[in-house]
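One-letter residues, chain by chain:
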Amino acid sequence: MYQEGVESPEGVDLKQAQIKAGSQLVVRSRVTLGEIDPQDVAVELYYGPVDTWGTIQNGQAVSMNLDAEDPEAGGYWFQSRVSCMQTGQHGSAVRLLPH
């Protein structure tokens, strides 16, 4: 698997005390792809409730859409919107797949 760089998702504050159930959360992540064209990868946000060790359980994958190029940092911003329908602690990760 080739991964030049993926930054932590923006909009996901792991120390944030509360997000109300039923609200929507916009998540952005900057992905550095080097010579790979952004159309050649699928970027996904994987999220769901976590167990006591912080492992995502029964997670869901949601496609992230190309939002903007970041030429100064040499990357691209991808964005997705998720609905927060459950209470409790949740985790997230961004993953890249060949397209």
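Just above, that's the structure.
Note that the structure is predicted; figures quoted are calculated from it, not measured.

Thresholds, definitions, all that
Residues numbered from 1 in each chain as written. Predicted model: local features only at pLDDT ≥ 70, side-chain atom pairs only at ≥ 80, totals over all residues. Heavy atoms only, no water. Salt bridge = Lys/Arg side-chain N within 4 Å of Asp/Glu carboxyl O. Helix = DSSP H or I, 4+ residues; strand = E, 2+ residues; numbered from the N terminus. Buried < 20%, exposed > 50% of the residue type's maximum accessible area, 1.4 Å probe, protein only.

Enquirer: Explain the pattern of salt bridges here, please?
Expert: Once the charged atoms of two side chains with opposite charge are near each other, the side chains can pair. This structure, assessed with the given rule, holds 3 salt bridges. Across the pair Arg30 and Asp70 runs a salt bridge whose closest N-O atoms are separated by 3.0 Å. Here Asp70 lies in strand β4 (residues 60-70) and Arg30 lies in strand β2 (residues 24-32), a separation of 40 residues in the sequence. The pair Arg30 / Asp70 is uniform in exposure class, with both members buried. The salt bridge involving Arg95 is made with Glu44; its shortest N-O contact spans 2.7 Å. Of the two residues, Arg95 sits in strand β6 (residues 90-98) while Glu44 sits in strand β3 (residues 41-49), which places them 51 residues apart along the sequence. Judged by its relative accessible area of 34%, Arg95 is partly exposed. For Glu44, a relative accessible area of 15% translates into the label buried.

Enquirer: Is there a simple way to think about the environment of Thr87 in this case?
Expert: With respect to the secondary-structure elements, Thr87 resides in the loop between β5 (75-83) and β6. With relative accessibility at 69%, the residue Thr87 sits in the exposed group. A sequence separation of 38 residues divides Thr87 from Pro49, and the C-alpha atoms of the two residues are 8.6 Å apart.

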